[in-house]
Amino acid sequence: MSLNTDLSALFATMADIMDIKGENTFKVLAFRKVGRILADLSFDVRECVKNNTLCEIEGIGPSSQRIIEEYVATGRSSDADSLAQSVPATLLPLLQVEGLGPKTISLLWKERKITNADELKAALEDGSLKGIKTIGDKKLAAIKQGLANRAKSAGRIGIGHALPVAEMFVDLIRKLPGVTHAQYAGSLRRGRETIGDIDIICSVKDPSLSQKIADAFVAFPAVARIIGQGPSKSSIVTASGLQVDLRILPEENFGAALLYFTGSKDHNVKIRGLALKKKMTLNEWGLYNLAEYEKTEKKIAEAPPLKPVASRTEEEIYAKLGLDFIPPELREDRGEIDAALNHKLPRLITQKDLRGDLHSHTTASDGKNSILEMAQAAKALGYEYLAITDHSKSSVIANGLTPDRLIKHIAEIRKAQDKIKGITLLAGSEVDILPDGRLDYEEAILKELDIVIASPHASLKQDAAKANDRMRRAVETRYVNIIGHPTGRLIGGREGLPLDFPPLFKLAAANGTAMEINAGYPRLDLDEFNSRSACEAGVMISIDTDAHSTAELCEIHFGLTVARRAALTAKHVLNCQSLNDLREFLRRKR
DNA sequence: GCCGTTTTCGGCCCGACTGTTTTCAGTCG
């Protein structure tokens, strides 16, 4: 899929260059959008070129089509090349500097021949930037600060790291006097696997308290630096470099603000356009009648003084736009708005739909709890079944089981079953997929198990040919029910196997082999895009915690989020099936 | 550059905050 990524980066770079050159903003936005579309594509863009279906993708027009086709054919784009010659490439990273935008960068380049961060730093030191119109002393100080902060900035961080920070802030804000609601929004609420910053919305009964709440927020102990502070919007940075934005609004505007700051940006643009078509306007304060809104005097940081069509809840606003409620995880402008208009949104999977967990470990290998303790914890979650799947012998570090130990372990699982009622224990194994695709146990052993997960743990830097052969062989192997964390990636740490998924999914569907969404952070493997295409190929998905303790058994949330972002419903998910249906599925590989 | 059940031309989401300024431009989300 790296061609998609390359092309996505190409369009993003072209947009940056055009931005600095001061080209039409909407043209820049159009290119940025194409970049995002390409990054989000769940299939290889070459397919579209081959089938001549590029222009069927909304947002890709004739110009983008020409660039993509040229790039696919030749590995280059003449448009991108000539753009690249018009601006020093070393200017582009300056766009990442807080406080520096395209206009200022262009001005620094034209007025003072600044072409990179080092020259900028030097010029700030020697005072040669003084005297440029519209750039005063404060602006220069802000640029200096921005350059200094760049090294400390966290960049995008994993959802697993961002969520606890967000929950801490939300808890603190809820306890402030006068706050009626507080909720995190943004990409965190949409459940993206990485988060740029944390957006928090809070509502107040009495708007005169807003300033006090903002003051309290920027004074929290976790705050390392204040970026901005006004009566309705404040931004801070934590010691770890994570930005947190707080919006404070009257209670009756809470839904509109939550909707607006949950995004995504593309989703917002689309529904605002929809509002305009219906002679209404939508902003973070509410949905308003357009004619009335335009006649009204507005004040900065105050709700417009007219009665909104809807504003208190997201549900009301969607309803007034003629849309079914769109769950945050789907708000990415990937067709969800049309689906909501036509009442065709999927009923996304929820925790209640899950009937069991098919991937867990005990003290027999590298887990922290006994079989019985894990079973009791699973029962407490309301599960009907739990698969005990300890490691196989090659996972030496994880104390993997030799065949002899596995046979005894199966007997232990049966014994534990006798001691607990109300939950069914499946005797399983998480068997290593060896580098050549063979499994770590012989078939004679595998057939003694109720369920087999096969996972790659070692040799995760194989080339594509070897990796695909390896996984194909595993998918086809008799007794293998689920492929666990198929790529072996770690978010922010390890790329994982370079798998070509479409043919693999086809094979998995034909063989009745399920694919796992491993809920453990930072795995989340399969990711949302591959989960979606697996499901479209007819592959069953298993959402599992890979729990190594009773506490981890509760951490199914992130896996469910991936599944929801992939638009999965209960019928796509193996562990939403009744025990009988699950057993029938498992039996087909025997 | 993209798009169209009012439009193939003329729109394109909208507001808060900051800084450099007296009415607005740039940046950010």
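These numbers were taken from a predicted model, which means no experiment stands behind them. (Residues numbered from 1 in each chain as written. Chains lettered and ligands numbered in written order. Predicted model: local features only at pLDDT ≥ 70, side-chain atom pairs only at ≥ 80, totals over all residues. Heavy atoms only, no water.)

Asker: Honestly, the pattern of salt bridges in this entry has me stumped. Any pointers?
Answerer: A side chain with one charge can pair with a side chain of the opposite charge if their charged atoms come near. The tally for this structure, following the rule as stated, stands at 33 salt bridges. Here Asp81 ties to Arg76 by a salt bridge, and the two come within 2.9 Å at their closest N and O atoms. Of the residues examined, Asp81 reaches a relative accessible area of 28% and is grouped as partly exposed. Overall, Arg76 belongs to the partly exposed group, its relative accessible area being 48%. A salt bridge links Glu536 to Arg532; the shortest N-O distance between them is 3.1 Å. (Salt bridge = Lys/Arg side-chain N within 4 Å of Asp/Glu carboxyl O. Buried < 20%, exposed > 50% of the residue type's maximum accessible area, 1.4 Å probe, protein only.)

Asker: Sorry if this is basic, but what is going on with the sheet that holds strand β7 (residues 243-250) here?
Answerer: The strands making up a sheet associate through backbone hydrogen bonding, with each pair oriented either parallel or antiparallel. Taken in spatial order, the 5 strands of this open sheet run β2-β4-β7-β6-β5, and their pairing is mixed. Lying at the two open borders of the sheet, with one neighbouring strand each, are β2 (179-184) and β5 (223-229). Within the sheet, the average angular offset between the axes of one strand and its neighbour, ignoring direction, is 20°. As paired elements, β2 and strand β4 (residues 198-204) share 5 bridges and run antiparallel to each other. Across the sheet, the residue bridging to Val179 is Val204, located in β4. With respect to the sheet, helix α11 (residues 210-218) is in contact with β2, β4, β5, β6 (233-238) and β7, its orientation differing from that of β5 by roughly 150°. Seen against the sheet, helix α12 (residues 254-262) touches β2, β4 and β7 and runs at an angle of roughly 175° to β4. (Pairing = 2+ DSSP bridges. Helix = DSSP H or I, 4+ residues; strand = E, 2+ residues; numbered from the N terminus. Axes fitted to C-alpha atoms, helices over the stretch in contact; angles between N-to-C directions. Contact = heavy atoms within 4.5 Å.)

Asker: Got a minute to help me understand the packing of aromatic side chains in this structure?
Answerer: Any aromatic ring pair is given by two values, namely how distant the centres are and how the planes are angled relative to each other. Using the criterion set out here, one finds 9 aromatic pairs in the structure. For the ring pair Phe501 and Phe505, a centre distance of 4.8 Å and an interplane angle of 15° mean the geometry is stacked. Residue Phe501 and its partner Phe505 are located together in helix α21 (residues 501-511), separated by 4 residues, close to a single helical turn. Given a relative accessible area of 5%, Phe501 falls into the buried group. Taken together, the ring pairs connect Phe169, Phe217 and Phe220 into an aromatic cluster. Over the ring of Tyr293 we find Lys298, and its NZ or CZ is 4.0 Å from the ring centre. (Phe/Tyr/Trp six-rings, centres within 6.5 Å; stacked < 30°, edge-to-face > 60°. Lys NZ or Arg CZ within 6 Å of the ring centre and 35° of its normal.)

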